[in-house]
Amino acid sequence: MEIALLQTDIVWGDKEENLMRVERLMDEHPKAQLFVLPEMFATGFMVGGDVVTEPQEGQVHRWMVDVARRRGCAVAGSVAVEVDGRRHNRFYFVTPDGATWHYDKRHLFTYAGEDRLYTKGEDRVVVRYGGLRFLLQVCYDLRFPVFSRNRGDYDVAIYVANWPTARLFAWQTLLRARAIENQCFVLGVNRVGNDPANAYSGGTVVLDPQGQTLAECRANEVDVAQATLSLESLEGLRRTFPVMRDGDVFIL
C-alpha cells in the first residue's frame, strides 16, 4: 500500500485555511492510497477557552469523506468534536466508499489540561483497509504501551500528534519502541510551526517492524513522507522471528 504522511503547519483555529493547505499537499502525491494527517489538523491542539469543536460528522468529517471519494483514497486524522455535550479528541479513518471508523483518544494529556475539556475514549479501534489492519492512536497514547500491545490483531500502528519540540526525543524513541516490541509498521505523524503554547519541529516518520526508517519528513518544514507498506514482508519477519509467541497473556 502506498501511504503519505502529511507534516503540516496548522493555522490556529482556521479550518478553511488548514483544509486548503492539506489539499495542496495531497495534490503532490496523487498515487497515495492512504493520507494521514496530524492530531487536530484542522484547528491545532485546542485545550483552552478558545476551543473550536464540531458536531459528530461535522464540517471536517464531511471534508474527509469528500476527499476520500474524489481521490479514491483513505484519509485519517483527529478532530475536536462535541457529542451530547461531551468533547472528544476523535481520530477519524475514512475510506473511499464513505465508510468511517473513529477512535476517541483514551489517554488525555492532563499536563496541558486536556482532561478538563475532553472525555476520554474507552474502546481500542482497529481498521481493516487495503489488506492491512490499522490500530488508531493519538499523541499521548504513545507513552502507554499496554493499551497498544499487539494481540495479533493489527499490522500498522498510526500515531497522530501535536508533539512539542521540547519532548521530541521521547517521540522519536517511543515510536521505535512501539514498532520493535509489537512487530508492526508504525506511522508517526506530527506537525511543525507554533501554537499559543508550544513550538513543533515535526519528526514525522514511517518505521518498519524492526524500527528502521522507511521514510521521514524534514525537520521544521512542511513536508510529506511517502512509503510502501508490504504485508508480505511483515508476515515474513513474523514467521522467521516469531517473538510475539513468547509474549505475556493479559487482559486490559
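Here, the structure is the one placed above.
Parameters and conventions
- Residues numbered from 1 in each chain as written.
- Predicted model: local features only at pLDDT ≥ 70, side-chain atom pairs only at ≥ 80, totals over all residues.
- Heavy atoms only, no water.
- Buried < 20%, exposed > 50% of the residue type's maximum accessible area, 1.4 Å probe, protein only.
- Helix = DSSP H or I, 4+ residues; strand = E, 2+ residues; numbered from the N terminus.
- Pairing = 2+ DSSP bridges.
- Axes fitted to C-alpha atoms, helices over the stretch in contact; angles between N-to-C directions.

*Asks:* Can you explain the pairing of strand β8 (residues 132-138)? Please cite residues and give values.
*Replies:* Burial runs high along β8: seven of the seven residues are buried. Every second residue of β8 is oriented toward a common face, with L132, F134, L136 and V138 on one face and R133, L135 and Q137 on the other, all of them buried. Pairing of strand β7 (residues 126-129) with β8 involves four bridges; the strand directions are antiparallel. Note that in β8 the partner of R128 across the bridge is R133. Counting the residues that bridge the hairpin from β7 to β8 gives two residues, and of these G130 lies at a positive phi of roughly 60°. Note: β8 against strand β9 (residues 156-160), five bridges, orientation parallel.

*Asks:* Give a detailed account of the sheet that holds strand β13 (residues 205-207), specifying residues and quantitative values.
*Replies:* Strand order in the open sheet formed by six strands is β7-β8-β9-β10-β13-β14, with mixed pairing between adjacent strands. Edge strands, defined here as strands with exactly one partner in the open sheet, are β7 and β14 (213-216). The average angle at which neighbouring strand axes cross in this sheet is 20°, direction not considered. Direction of pairing for β13 relative to β14: antiparallel, over a ladder of three bridges. In the strand pairing of β14, L207 is matched with T213.

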